[in-house]
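A look at the structure
What follows is the residue order along each chain.
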There are 2 protein chains.
Amino acid sequence: MTAPEGRPGGEGGCVLCDTDGGLLLHRAACWRLIRATDMPGFPALYRVVWNAHVAELSDLSEVERRECMDVVATVERVMRLHLPQAKINLAALGNVVPHLHWHLIARFGWDSRFPAPVWAPAQREADAARLADLALRLPALDAALRAALQ
Amino acid sequence: MTAPEGRPGGEGGCVLCDTDGGLLLHRAACWRLIRATDMPGFPALYRVVWNAHVAELSDLSEVERRECMDVVATVERVMRLHLPQAKINLAALGNVVPHLHWHLIARFGWDSRFPAPVWAPAQREADAARLADLALRLPALDAALRAALQ
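Residues numbered from 1 in each chain as written. Chains lettered and ligands numbered in written order. Predicted model: local features only at pLDDT ≥ 70, side-chain atom pairs only at ≥ 80, totals over all residues. Heavy atoms only, no water.

**Notes on the relation of the copies chain B and chain A**
Screw-axis analysis of chain B against chain A gives a translation of 0.0 Å along the axis, an RMSD of 0.0 Å, and a rotation angle of 180°. Within this description, the copies of the chain are treated as partners about a two-fold rotation axis. Comparing contact sets, 100% of the residues at the interface of chain B also lie at the interface in chain A, consistent with an isologous, same-surface contact. (Least-squares fit on C-alpha atoms with pLDDT ≥ 70 in both. Contact = heavy atoms within 4.5 Å.)

Okay, structure coming up:
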């Protein structure tokens, strides 16, 4: 099979075709939910990954897009329930990995960049105690997300 | 009327309640499309703003959310048609202005930050000739967006 143009990685591979892309919480036919651990200081970071290698939201059919965004909204709702102080940031960028994936990132006034986006330069050290407390909440949040997506 | 908590600006005002938020291209009952001019170097930047003051996508009903994301997908599709070399970035952050708005940003390998997000530090000067060419395409893109959203 010829890899679609734009797949990053060696020999045309795509990291989101070749791997789950993080801690797999749920896999459905068309999408999966992972928790990502690749952004230090932002532990409550989930990604809804569309399983097929498409680059843009508008590459999906209407039915597929609705399924995708219903999942994003469900994940957001569960995140808000468990992290009531959080502002949720949503983004589908795909500049580095042009395979549709939604970032859902819980943001807090005490994090290293708030109110700037997580990709902006750090403004401060994150509050270590609150960061540790947040990490302790993740197993329950993961479990609630798994349950909500069954 | 008491302003909802978290509205930025003087005396509880919200810039997206009080102003269009950019060049208004289309206003529907529940949302509007604007072209934003507040990010130098990224002229092909549109925002779908939900008219009501809600903070998160999951504050919308299912019907509202589908309407909102259908509009986002339509705008993205028209942007891709007119800017076939672009990668489209989608984001709903709302850390500064917690009033639901979707950023749709056309990205190019020659822009000042690609492949990093637009909020990351600049990696280079944008290609001035290509930036000027992009600006020339915006009137036609604006017109196509207006037509697609009628």
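**Re the packing of helix 2 (residues 62–82) of chain A against helix 2 (residues 62–82) of chain B**
Axis separation between helix 2 of chain A and helix 2 of chain B bottoms out at 11 Å; the angle between their running directions is 125°. On the basis of the axis angle, helix 2 of chain A is oblique to helix 2 of chain B. Helix 2 of chain B is crossed by helix 2 of chain A, and the crossing has right-handed handedness. Contacts from Arg65(A), Arg66(A), Met69(A), Asp70(A), Ala73(A) and Arg77(A) of helix 2 of chain A reach helix 2 of chain B at Arg65(B), Arg66(B), Met69(B), Asp70(B), Ala73(B) and Arg77(B). Here the residues of the contact of helix 2 of chain A with helix 2 of chain B sort into four nonpolar, no polar and eight charged. (Axes fitted to C-alpha atoms, helices over the stretch in contact; angles between N-to-C directions. Helix = DSSP H or I, 4+ residues; strand = E, 2+ residues; numbered from the N terminus. Parallel < 35°, antiparallel > 145°, perpendicular 65-115°, else oblique. Left-handed = near helix turned anticlockwise from the far one by under 90°. Nonpolar A, V, L, I, M, F, W, Y, C, P; charged D, E, K, R; others polar.)

**What about the side chain of Asn95(A)?**
When you line up the elements, Asn95(A) lands in the loop between strand 4 (87–92) and strand 5 (101–107). Accessibility expressed as a relative area gives 10% for Asn95(A), which makes it buried. Among the polar contacts listed, one links the side chain of Asn95(A) to the backbone oxygen of Pro115(B), at a separation of 3.2 Å. (Buried < 20%, exposed > 50% of the residue type's maximum accessible area, 1.4 Å probe, protein only. Polar contact = N/O pair within 3.5 Å; in protein donor to acceptor, adjacent residues only side chain to side chain.)

**Regarding the nonpolar core**
Ranked by size, the top nonpolar core spans 68 residues in total, and within it Val75(A), Trp102(A), Val75(B) and Trp102(B) carry the most contacts. With sequence-adjacent residues up to four places away left out, Val75(B) is seen in contact with Leu33(B), Tyr46(B), Val48(B), Leu104(B), Leu145(B) and Leu149(B). Listed in part, the 28 residues of the second largest apolar core include Leu93(A), Ile34(B), Val97(B) and Trp119(B). (Core = buried A, V, L, I, M, F, W, Y, C linked by side-chain atoms within 4.5 Å.)

**Digging into the sheet that holds strand 5 (residues 101–107) of chain B**
Overall, antiparallel pairing links the 10 strands, which are arranged 1(A)-2(A)-3(A)-5(A)-4(A)-4(B)-5(B)-3(B)-2(B)-1(B) in an open sheet. Each edge of the open sheet is held by one strand with a lone partner, namely strand 1 (23–27) of chain A together with strand 1 (23–27) of chain B. Geometrically, the sheet is characterised by an average inter-axis angle of 20° between neighbouring strands, direction not taken into account. Examined bridge by bridge, strand 3 (residues 45–50) of chain B and strand 5 of chain B share five bridges and lie antiparallel to one another. Across the sheet, residue Val49(B) finds its bridge partner in strand 5 of chain B, namely His101(B). Sheet strands touched by helix 2 of chain A: strand 2 (31–35), strand 3 (45–50), strand 4 and strand 5 of chain A. Its angle to strand 5 of chain A, the strand with the most contacts, is close to 15°. (Pairing = 2+ DSSP bridges.)

**As for the environment of Thr74(A)**
Residue and element names in this part refer to chain A. Following the sequence through the fold, Thr 74 ends up in helix 2. In this structure Thr 74 comes out as partly exposed when scored by relative accessible area, which is 23%. Apart from residues no more than four positions distant in its own chain, Thr 74 is found in contact with Ala 148 and Leu 149.

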